[in-house]
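# Working through the structure, step by step
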Amino acid sequence: MRKKRMFIILLAACTACVLSFVYPFIFSVRPSITFFPEGGSVHYQTAATGLELIPEAAAINWTVESAVDHRAYLMQDFSLLYKNNRLIAMINHWARNETGLRQEKRLQASPGFYQGLSIHEAEVHSGNHIYGKAELSQDQLFVGRSRTHFVSFKTAAAKREKELSARYKNQIALARAELLRRAADKYGFNPAVYRIFPLSELTPASVGTLFPFSPDKARRITVQLWEGIYKTFLQGFETSPGRFEPAAGSSMPLLLIAGDHLLIVIETSRGDIVLLKQVFN
């Protein structure tokens, strides 16, 4: 019995030793969204996020896909799915030496406001140079319930749809205002000096106006913002030294833009407030 116990202890110690070497290696080789200057000849032909209700299955189909015009060294799609402003799922799909990616997930449907936000990135190696190309995409879906089945729409048209849309958006706006107040009190910043909007408002069409810089600098800030979100969300939020909370259940990031920096405000599922900062170089 004593020999058996000693064997178990030694086995556990050896396992811990192996994991301490293997895990850092695994994490170090995982591709990560990284800003590279645009160049080369790679172009996106498709960069899309899709949300669709499947009524007969009482499910929501979530797709993220991308395609470039020639083979890339690395392609990556990273997508966040929110329901009523809270993170419910993530997609992190990557492959080397491909021209296209597609990932599909099906989730159980329930009434709410769903938003899928994605970044698509292609990395190209040419000689001693590395170039990048990144695109944003998103989709939204309102899901309601009739007596017998679920119904959905993307943009409110009918009176009932407008009422449902307004109810969800008002609830989210109130929650964001309260979060902003709490964050300002906790960290001592003045919201009045910032331009404030949720991550969902950062789109291909709005990047140039939300970040009033040159197109190249606005693109670099956008990719670096998503790079920070990617690394933080996969690792979890460090709410105190050595204590990490998972990203699941956290609020959609609120972006606060000043002339030389960006603040990112997030509430974790436990109600802790996280403040991240990105300085514009």
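## Description of the overall build of the chain
- Across its full length, the chain carries four helices and 12 strands.
- Counting only residues that meet the buried cut, the chain has 42% of its 281 residues in that class.
- In the chain, once contacts between residues fewer than 6 apart in sequence are set aside, the share between residues at least 24 apart is 63%.

## Re the pattern of salt bridges
- Applying the stated rule across the entire model yields 12 salt bridges.
- For Lys-154, the salt bridge identified is with Asp-139, shortest N-O distance 2.6 Å. Here Lys-154 is found in the loop between β6 (150-153) and α2 (159-187), whereas its partner Asp-139 is found in strand β5 (residues 129-145), with 15 residues between them in sequence.
- Assessed through its relative accessible area of 34%, Lys-154 is described here as partly exposed.
- With a closest N to O distance of 3.7 Å, Asp-272 and Arg-243 form a salt bridge. Here Asp-272, found in the loop between β11 (261-267) and β12 (273-279), pairs with Arg-243, found in strand β9 (residues 243-245); they are 29 residues apart in sequence, far enough to count as distant.
- Classification of Asp-272 by relative accessible area gives partly exposed; the value is 23%.
- Each of Glu-38, Lys-133 and Arg-219 takes part in a single network of salt bridges with overlapping partners.

## Observations concerning the packing of aromatic side chains
- Enumeration over the complete set of coordinates arrives at eight aromatic pairs.
- Their ring planes at 85 degrees and their centres at 6.1 Å tell us that Phe-189 and Tyr-194 sit as a pair that is edge-to-face. Accessibility classification places Phe-189 together with Tyr-194 in one group, the buried group.
- When the centroid spacing of 6.1 Å and the interplanar angle of 80 degrees are considered together, the rings of Phe-211 and Phe-280 count as edge-to-face. Residue Phe-211 is located in the loop between α3 (207-210) and α4 (215-235), and its partner Phe-280 is located in the segment after β12; the two are separated by 69 residues in the primary sequence. Accessibility classification places Phe-211 together with Phe-280 in one group, the buried group.
- Grouped by ring-pair contacts, the aromatic residues Phe-78, Trp-226 and Tyr-230 constitute a single cluster.
- Here the guanidinium or amino end of Arg-167 rests over the ring plane of Tyr-168, the centre of that ring lying 5.7 Å away.
- In this structure, Lys-217 is placed above the aromatic ring of Phe-213, and the distance from its NZ or CZ to the ring centre is 4.4 Å.

Reading guide: rules and limits
- The written sequence of each chain sets the order in which its residues are numbered from 1.
- For this predicted model, a pLDDT threshold of at least 70 governs which residues receive local features, and a threshold of 80 or more governs which side-chain atom pairs are given and counted, while totals over whole chains, interfaces and linings are taken from all residues.
- Side-chain measures here rest on the full set of heavy atoms in the structure, leaving out hydrogens and waters.
- Secondary structure elements are defined from DSSP: runs of H or I of at least 4 residues count as helices, runs of E of at least 2 residues count as strands, and each element is numbered from the N terminus.
- Burial classes follow relative accessibility: with a 1.4 Å probe on protein chains only, a residue under 20% of its type's maximum area counts as buried, one over 50% as exposed, and anything between as partly exposed.
- Residue contacts follow a heavy-atom distance rule, with two residues in contact if any of their heavy atoms lie within 4.5 Å.
- The salt bridge criterion pairs a side-chain nitrogen of Lys or Arg with a carboxyl oxygen of Asp or Glu, the two atoms within 4 Å.
- Working definition: a ring pair exists when centres of Phe, Tyr or Trp rings (six-membered ring for Trp) sit within 6.5 Å. Plane angles under 30 degrees give stacked, over 60 give edge-to-face, the rest tilted.
- Charges are assigned to positions over rings by a cutoff of 6 Å between ring centre and Lys NZ or Arg CZ, combined with an angular limit of 35 degrees from the ring normal.

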